[in-house]
Amino acid sequence: MTVQTPSPFPHHPKIPEQVSYHRTELGPILALYGRMVAAGEWRDYGISCLREVAVFSVFRRSAENPLYRIEKRPKLRNKQGQYAVIGMDGQVLKRGHDLKTVLRVLEKKLIRAVD
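Here we summarise the structure given alongside this text. Predicted model, so just to flag it, every value in this text is computed and none were measured.

### What about the overall build of the chain?
Then comes step 1: Scanning the chain from N- to C-terminus turns up two helices and five strands.
Then comes step 2: Mapped in sequence order, the helices and strands of the chain form the string α-β-β-β-β-β-α.
Then comes step 3: Looking at the 115 residues of the chain, the share that counts as buried comes to 30%.
Then comes step 4: Contacts in the chain between residues far apart in sequence, at least 24 positions, make up 33% of those at least 6 positions apart.

Laid out in structure tokens, this is it:
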């Protein structure tokens, strides 16, 4: 007679994986965020880690819709690039494989003519 120890969750479904930002990815994002806060452009941010996408949302005021969303979609890694910057209206401003290159579209918004 064989004895088997019962598993605590015999029919437990597989826990869905989450997409999240790695520390090396958050560094350039938070550096840009700090510069934009110092310039008075941005004021708040939010991070969402979902099943297929990780989103870093940037707000001018915390009660508004996000000005920009920086998204990471690993499924698009071999196609269009896993990183994208999306504007308030849902328009994709930049998409690519390199995060620093994609973030440059927001750097241009920091450079203004001085009167």
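From this point, things continue past the structure.
### A look at the nonpolar core
Then comes step 1: Of all hydrophobic cores here, the largest spans 20 residues; its most connected members are Ile29, Trp42, Ile70, Val85, Leu103 and Leu106.
Then comes step 2: Where this core is concerned, the elements lending two or more residues are helix 1 (23–38), strand 2 (54–59), strand 3 (68–72), strand 4 (83–87) and helix 2 (99–110).
Then comes step 3: Sequence-distant contacts of Ile29, defined by excluding residues within four places in its chain, comprise Tyr21, Phe56, Ile70, Leu99 and Leu103.

### Points about the pairing of strand 5 (residues 92–96)
Then comes step 1: Bridge count between strand 4 and strand 5: four bridges; the pairing is antiparallel. Along strand 5, the bridge assignment pairs Ala84 with Arg95.
Then comes step 2: Counted along the chain from strand 4 to the antiparallel partner strand 5, the turn is four residues long, and its residue Gly90 has a positive phi close to 90°.

### A word on the packing of aromatic side chains
Then comes step 1: Applying the stated criterion to the full structure yields five aromatic pairs.
Then comes step 2: Aromatic side chains Trp42 and Tyr68 sit 6.2 Å apart centroid to centroid with 50° between the ring planes, which places their arrangement in the tilted category. Of this pair, Trp42 sits in the loop between helix 1 and strand 1 (44–49) while Tyr68 sits in strand 3, placing them 26 residues apart in sequence. Like Trp42, the residue Tyr68 is buried in the burial classification.
Then comes step 3: With 5.0 Å between their ring centres and 10° between their planes, Tyr45 and Phe56 make a pair best called stacked. With Tyr45 in strand 1 and Phe56 in strand 2, the pair connects residues that are 11 residues apart, well separated along the chain.
Then comes step 4: Given the relative accessible area of 0%, Phe56 is considered buried.
Then comes step 5: One aromatic cluster is present, formed by Tyr33, Trp42, Tyr45, Phe56 and Tyr68 through successive ring pairs.

What counts, and at which threshold
Residues numbered from 1 in each chain as written. Predicted model: local features only at pLDDT ≥ 70, side-chain atom pairs only at ≥ 80, totals over all residues. Heavy atoms only, no water. Helix = DSSP H or I, 4+ residues; strand = E, 2+ residues; numbered from the N terminus. Buried < 20%, exposed > 50% of the residue type's maximum accessible area, 1.4 Å probe, protein only. Contact = heavy atoms within 4.5 Å. Core = buried A, V, L, I, M, F, W, Y, C linked by side-chain atoms within 4.5 Å. Pairing = 2+ DSSP bridges. Phe/Tyr/Trp six-rings, centres within 6.5 Å; stacked < 30°, edge-to-face > 60°.

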